[in-house]
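Chain residues, written in single-letter form:
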Amino acid sequence: MSLDPHVVWMPGGVPVEIHLSGEQTEGAFCMLVDHPPVGWSLPPHRHRDAAETIHIIEGDFEMVLGGQPLRQSAGQTIHVPRGVIHSGANVGARPGRRAVIFSPAGMEDLFLEVGVRRAEDQIDPAVALAAATRHGWEFITEAPD
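A.B. asks: So, the nonpolar core: which residues are in play, and what are the values?
C.D. replies: Counting 26 residues, the largest nonpolar core has Met10, Val16, Phe102, Met107, Leu110 and Phe111 as its most contacted members. With sequence-adjacent residues up to four places away left out, Met10 is seen in contact with Val16, Phe111, Val114, Gly115 and Ile123.

A.B. asks: Can you lay out the pattern of salt bridges for me, pointing to particular residues and giving the numbers?
C.D. replies: The final tally for this structure, using the stated rule, is seven salt bridges. The salt bridge involving Asp34 is made with Arg98; its shortest N-O contact spans 2.6 Å. One end of the pair, Asp34, is in strand 3 (residues 30–34); the other, Arg98, is in strand 10 (residues 97–103), and 64 residues separate them in sequence. On the basis of relative accessibility, which here comes to 6%, the residue Arg98 falls in the buried class. The salt bridge involving Glu120 is made with Arg118; its shortest N-O contact spans 3.7 Å. Judged by relative accessible area, which is 54%, Glu120 ranks as exposed. Several salt bridges converge on common partners, so that one network encompasses Arg118, Glu120 and Asp121.

A.B. asks: Residue-level account of unusual backbone geometry, with values.
C.D. replies: Here Ser103 and Pro104 are connected by a cis peptide whose omega angle stands at 0°. Along the chain, Pro104 turns up in the loop between strand 10 and helix 1 (108–114). Residues other than glycine seldom take positive phi values, yet Glu26 does so here, at roughly 55°. Relative to the helices and strands, Glu26 resides in the loop between strand 2 (14–20) and strand 3. Assessed through its relative accessible area of 79%, Glu26 is described here as exposed.

A.B. asks: Please give an account of the sheet that holds strand 1 (residues 6–10) that cites residues and values.
C.D. replies: Here we have six strands laid out as an open sheet, ordered 1-2-3-10-5-8, and antiparallel in their pairing. Each edge of the open sheet is held by one strand with a lone partner, namely strand 1 and strand 8 (77–80). Pairs of neighbouring strands in the sheet enclose a mean axial angle of 25°, with direction left out of account. As defined by bridge partners, strand 5 (residues 51–58) adjoins strand 8 across four bridges and the pair is classed as antiparallel. Among the inter-strand pairings, Thr53 is bridged to a residue of strand 8, identified as His79.

A.B. asks: Residue-level account of the packing of aromatic side chains, with values.
C.D. replies: What the rule picks out here adds up to two aromatic pairs. Here the aromatic rings of Phe102 and Phe111 are separated by 6.3 Å at their centres, their planes lie at 40°, and the arrangement is tilted. Taken as a pair, Phe102 and Phe111 share a single burial class, namely buried. Stacked on the ring of Phe61, the Lys or Arg Arg98 has its end atom at 5.4 Å from the ring centre.

A.B. asks: Describe the environment of His6, listing the residues and the values that go with them.
C.D. replies: Mapped onto the secondary structure, His6 falls in strand 1. With 107 residues separating them along the chain, His6 and Glu113 place their C-alpha atoms 12 Å apart. Excluding residues within four positions of it along the chain, His6 makes contact with Val16, Glu17, Ile18 and Leu112.

What counts, and where the lines are drawn
- Residues numbered from 1 in each chain as written.
- Predicted model: local features only at pLDDT ≥ 70, side-chain atom pairs only at ≥ 80, totals over all residues.
- Heavy atoms only, no water.
- Core = buried A, V, L, I, M, F, W, Y, C linked by side-chain atoms within 4.5 Å.
- Buried < 20%, exposed > 50% of the residue type's maximum accessible area, 1.4 Å probe, protein only.
- Contact = heavy atoms within 4.5 Å.
- Salt bridge = Lys/Arg side-chain N within 4 Å of Asp/Glu carboxyl O.
- Helix = DSSP H or I, 4+ residues; strand = E, 2+ residues; numbered from the N terminus.
- Pairing = 2+ DSSP bridges.
- Axes fitted to C-alpha atoms, helices over the stretch in contact; angles between N-to-C directions.
- Phe/Tyr/Trp six-rings, centres within 6.5 Å; stacked < 30°, edge-to-face > 60°.
- Lys NZ or Arg CZ within 6 Å of the ring centre and 35° of its normal.

What follows is the structure, encoded as structure tokens:
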């Protein structure tokens, strides 16, 4: 069964399409497509309960995975194992587009909780951070030991 994706806007002006939820995959994974704008970045963080696989559809991204800097462009895929510190940024001259899979499923609930329906709607950063923490995200504010 194919359904139109549920679209939400996340902090940083990132539209996210939720294509598959855990309900549709029997909990195995969820699949999102995001569109990070030029200059977007996500600070170092890790996911306590999920691995993340990112396939670049359009754009140029710089990622740091476990301390290793990587440049990713259209057609490339990176896998982030559960618990590994990583960060990312759109370093290209145009908006990017990425297919993102979290496994197991459940991370889509964060996007549904935090995301808003329209780009101009406001998101309270404190609310977004609290929700991310509840959904297994840990932001790294100092160098790990």
